[in-house]
Amino acid sequence: MIYRNYLGLDMSSSELRAVALRRRGRGSALSGGRVLSLNGGLLVPSLRQANVADPERMVAEIREVLAPLAGREDRVALSLPDQVGRVLLTEVETAFKSKAEGVDILKWKMKEALPLDPKDIVLDYQILEKTESGRFHLAVAFVARSVLNQYEDILAEAGYNAAVVDFHSLNLYNYYRPRLDLGEDFVLVGVDDRSLSLQYFQGQVLAFRRVREMETTPSRLFQELKRSLVGCQETHRAFGRAAVFLHCERKDSDAVLEAVGAAFEGDVRVLDPHLERLAPVPLDLPAQQVRALVAAVGAAERMM
């Protein structure tokens, strides 16, 4: 029997994280995972500028990390650093007649919030819910066309094509959402060596989101989280009652947990992705690198 591989590639300034999934019943099986460290400066996430300093070198790195997993598969779900684009929340009064109409209207409606000329961005959106007042609550994601083109061109030169493109923190949520009962109101905090993400879900719908590229020492995390919490509490009164979950990819996870708990002034649950449950054969990777594969798995599952 021939099994199809579903590839996920999560790119960051320090690493490439790649996985191959196969269908197993109604779920997925992790047939392989790899993590490849990048030289400093090769990938620098930016909203406006080209992100990859040496495209030829990046092509070689992508081939190295994906080739042992891919087989004959060339379709990849690409997970980009959050700093590459933006995700904004907005509402509209009526549903759009088509996807294209929605993109055009949102570019016009949000032009003051866009850091680039609307014609220079690629924009997509998702309807999150229809509110009690009949309005539609949307998540709108965008990235500079030139930035996205560079990633897609490098991937194509390596022999692959980006079937799905999303951001790292959203793919963390994609992984945990079907596996854990997070409740109705919850906060998902993601921490790695270079970034912090905070996503607040009210009634299981994204209501607030903030991402920062920063040195994620415990003291800096505490300070940045306190600033973020002030902004969220001003607009969402129920925020203080939400359960808090932490996905941590740092080695000093105990210190990170202490800092996050102090910022929220309450209990924080550290998430264990239990990737070993998906892998028929144990992954030959340190525990920290296994946790780093979560967003790549969340991306790959979007194609299944």
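Residues numbered from 1 in each chain as written. Predicted model: local features only at pLDDT ≥ 70, side-chain atom pairs only at ≥ 80, totals over all residues. Heavy atoms only, no water.

> Kindly report on the sheet that holds strand β8 (residues 161–167), identifying the contributing residues and their values.
Overall, mixed pairing links the 5 strands, which are arranged β3-β2-β1-β4-β8 in an open sheet. Lying at the two open borders of the sheet, with one neighbouring strand each, are β3 (27–37) and β8. Going across the sheet, the axis of each strand differs from the next one's by a mean of 20°, ignoring polarity. As defined by bridge partners, strand β1 (residues 6–11) adjoins strand β2 (residues 15–24) across 6 bridges and the pair is classed as antiparallel. Paired with Y6 across the bridge in β2 is L21. Sheet strands touched by helix α3 (residues 145–157): β1, β4 (75–80) and β8. Its angle to β8, the strand with the most contacts, is close to 140°. (Pairing = 2+ DSSP bridges. Helix = DSSP H or I, 4+ residues; strand = E, 2+ residues; numbered from the N terminus. Axes fitted to C-alpha atoms, helices over the stretch in contact; angles between N-to-C directions. Contact = heavy atoms within 4.5 Å.)

> Describe the pairing of strand β10 (residues 195–202), and please don't skip the residues or the numbers.
On a regular strand, each side chain points to the face opposite its neighbour's, so the side chains alternate between the two faces of the sheet. Summarising burial for β10: 7 of the 8 residues are buried, a large majority. As consecutive antiparallel partners, strand β9 (residues 186–191) and β10 are separated by 3 residues. Where β10 and strand β11 (residues 205–213) come together, 8 bridges link them in antiparallel fashion. Following the sheet pairing, S195 is matched in β11 by E213. The hairpin formed by β10 and β11 contains 2 residues between the paired strands, and G203 there has a positive phi angle of roughly 60°. (Buried < 20%, exposed > 50% of the residue type's maximum accessible area, 1.4 Å probe, protein only.)

> Could you give an account of the sheet that holds strand β7 (residues 136–144), naming the residues involved and the relevant values?
Ordered in space as β5-β7-β6, the 3 strands form an open sheet in which the pairing is antiparallel. With one partner strand each, in any of the chains shown, β5 (85–92) and β6 (121–130) form the two edges of the open sheet. Between one strand axis and the next, the sheet turns by 20° as a mean value, whatever way the strands run. Pairing analysis gives 8 bridges linking β5 to β7, with the strands arranged antiparallel. Across the sheet, the residue bridging to G85 is V143, located in β7.

By themselves these figures say nothing about function.
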